[in-house]
Structures are given as structure tokens and as C-alpha cells.
Amino acid sequence: PAAIDSLLGQTLRDWEVIVVLNGGEAFDAREYPFVRTTTTTGPAEARNAGLALARAPLCLFLDADDYLLPEAIEKMTRAYIDTGKYIYTDWYGLRGGEMQAHQVPEYTQSAWFYEGQHAITVLLETAHARGVQGFDERMRGWEDWDFFVKLAVSGVCGQRLAESLLVYRQDTGTIREKSLANKDELLATLHDRYAAFVTGDRQMTSCCGGNADALLRA
């Protein structure tokens, strides 16, 4: 798979790989003896299953159809060390054999109440992902949006790395289309869940950078 092959090509080699089988094409683990695998159904369940098995202090969610450019993890790790915030990047969209660059906005904590700001593929402290109980398996889509809102309100904020380091294959997979089909239901769920923060009845925790040096020495 392209996702794993892109990890093999990384300039930073200190990583672990957990593959969560969630339907789709068969995966021959014998070709990748360093990979740990588990099986589940649904995108939220798959990410939670991988998160539960993670041993590393930092995690990155990479969908099977997508892949990273060779310096992605190294550059994202350096940015994390500098800021202590989770790191997201610009990305390339691949459709019909054509590659198009996409820039994402600079991080704004409150913007997550109104729209998504970046892809699911971020470099994040594993403890922070677990601290917000991962992804909501009850949602019928946009569980990644909900996940980043939970991080934002708890004071775990992001930092944009203004380089396109992720390739997102836009003409494969059906999850995005299924989420759009449930758009009204999902928007209502998110509105009800976080309305108190939007109105100011509840306050978000201020963004904090964390202690990246201490974490990486652990």
C-alpha cells in the first residue's frame, strides 16, 4: 500500500506502524513484518483501535489511500518541537492523475465551530488524543471534525506548517460522500454539542504549547 511505502521512504525513521483493517483490499502483513495489525469496522472505530495500540508519544493518522512526502514526519516533528502544538500541513490533491496543491488556513481555535481547518493527518501527542476520548463512534461521519473541536475546547491547539507534505487521493474511497449525505444531521449534532462554547456560556481552555522537549526525552 502507498501509505506504508511512504513511511518506508521517510527521512525520519523512528516510528511504529499500526494498520487497522477496515474492509477494502486484502492486506498481506508478511510483506511488512514490522507492522502490527488489528481489525474493526468504521473510520472512527479504526482510528480508536490504532490509538489504543500506540506506544509512541506522538501519533499520526494516515488513511490507506493517502501518502506522505519523504520529509513529512521529520519536518512535522521539528515544527512540533518548536511549538509544542499539534502540526498540520498543506496538501496535494490527486485526482485523475493530476496533482493540485491546496493551502490550509492558519490555526484559529474558534474556527472549528464553523468549518474544518485541515486534514485528519496531523502530528499529535498520543496522550492528547486519548485525553479527549478519541473519535466518537456514534457519529455517521465528520468524527474527525468533532475530534478537533474537542481538542480545541480543551486547549490543545494546532500549528500550520506551510508546506504540502500530504497527498490526498480524492478519487478513491466513499467516506466523504457518505458524510455529505448526512450533512444536516451531523451539523445539528455538532451545533447542539458545542452551542454553549459558541454563545460564550462556556469558555474554551486557552491554547497551550505543552512541553515538547520533556515529552521527547521521555
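Note: the structure precedes this text.
Summary of the structure given here. (Residues numbered from 1 in each chain as written. Predicted model: local features only at pLDDT ≥ 70, side-chain atom pairs only at ≥ 80, totals over all residues. Heavy atoms only, no water.)

**Remarks on unusual backbone geometry**
- Unlike most non-glycine residues, Q133 shows phi in positive territory, near 65°.
- Note that Q133 resides in the loop between α4 (126–131) and α5 (143–153).
- A positive phi angle, close to 55°, is found at W142, a residue other than glycine.
- Within the secondary structure, W142 sits in the loop between α4 and α5. (Helix = DSSP H or I, 4+ residues; strand = E, 2+ residues; numbered from the N terminus.)

**Notes on the packing of α5 against helix α7 (residues 183–199)**
- Their axes nearest at 11 Å, the elements α5 and α7 cross at an angle of 5°. Classified by the angle their axes make, α5 and α7 are roughly parallel. Within the contact between the two elements, α5 uses W145, D146, V149, K150 and V153 and α7 uses L187, L190, R193, Y194 and F197.
- Per-class residue counts for the contact of α5 with α7 are seven nonpolar, no polar and three charged. (Axes fitted to C-alpha atoms, helices over the stretch in contact; angles between N-to-C directions. Parallel < 35°, antiparallel > 145°, perpendicular 65-115°, else oblique. Contact = heavy atoms within 4.5 Å. Nonpolar A, V, L, I, M, F, W, Y, C, P; charged D, E, K, R; others polar.)

**What to know about empty space enclosed by the protein**
- Per the counting criterion, the structure on display carries one cavity of 30 Å³ or more.
- Estimates place the volume of the largest cavity at around 50 Å³.
- In this structure, the largest cavity is lined by Y80, G84, K85, Y86, L124, E125, H128, V156, C157 and C208.
- Residues of the lining of the largest cavity, tallied by class, amount to six nonpolar, two polar and two charged. (1 Å grid on protein atoms, 1.4 Å probe; cavity = no way out; pocket = protein on both sides within 12 Å on 5 of 7 lines; lining within 4 Å. Points joined across faces, edges and corners; volume = space filled by probe spheres on them.)

**Focus on the pairing of strand β5 (residues 86–95)**
- Of all the 10 residues making up β5, eight are buried; the element is thus mostly covered by neighbouring parts of the structure.
- Bridge analysis of β5 against strand β8 (residues 158–169) gives nine bridges, and the strand direction is parallel. Its bridge partner being in β8, Y88 is matched across the sheet by R160.
- Here five bridges tie β5 to strand β6 (residues 98–102), and the two strands are oriented antiparallel to one another. Residue pairing in the sheet places W91 in a bridge with H102 of β6.
- Between the antiparallel neighbours β5 and β6 lie two residues, among them G96 with a positive phi of about 60°. (Buried < 20%, exposed > 50% of the residue type's maximum accessible area, 1.4 Å probe, protein only. Pairing = 2+ DSSP bridges.)

**Quick notes on the packing of aromatic side chains**
- All chains considered together, the criterion is met by 15 aromatic pairs.
- Ring geometry for W112 against F148: centres 5.2 Å apart, planes inclined by 20°, an arrangement best described as stacked. With a gap of 36 residues between them, W112 in the loop between β6 and β7 (123–125) and F148 in helix α5 connect regions that are remote in the sequence.
- On the basis of relative accessible area, W112 is assigned to the buried category, the value being 2%.
- A residue is classified by how much of its surface remains accessible, and F148, at 1% relative accessible area, is buried.
- These aromatic residues form a ring-pair network of at least three members: F61, Y86, Y88, Y107, W112, F135, F147 and F148. (Phe/Tyr/Trp six-rings, centres within 6.5 Å; stacked < 30°, edge-to-face > 60°.)

**Focus: the nonpolar core**
- Core analysis: the largest hydrophobic core is formed by 51 residues, its most contacted members being Y86, W112, L124, F147, F148 and L151.
- Per-element accounting of this core gives the leading share, seven residues, to α5.
- Setting aside residues no more than four positions away along its own chain, F148 makes contact with Y86, W112, H118, A119, I120 and V122. (Core = buried A, V, L, I, M, F, W, Y, C linked by side-chain atoms within 4.5 Å.)

**A look at the pattern of salt bridges**
- A complete count under the given rule lists 13 salt bridges for this structure.
- Where E71 meets K75, a salt bridge forms, and the shortest distance between an N and an O atom there is 3.0 Å.
- Residue classification places K75 among the partly exposed positions, given a relative accessible area of 26%.
- Residues R78 and E74 are paired through a salt bridge, measuring 3.3 Å at the closest nitrogen-oxygen approach. Placement of the pair is R78 and E74 together in helix α3 (residues 72–83), with a separation of four residues, close to one helical turn.
- In this structure R78 comes out as exposed when scored by relative accessible area, which is 53%.
- Via salt bridges that share partners, D136, R138, D146 and R193 belong to a single interconnected network. (Salt bridge = Lys/Arg side-chain N within 4 Å of Asp/Glu carboxyl O.)

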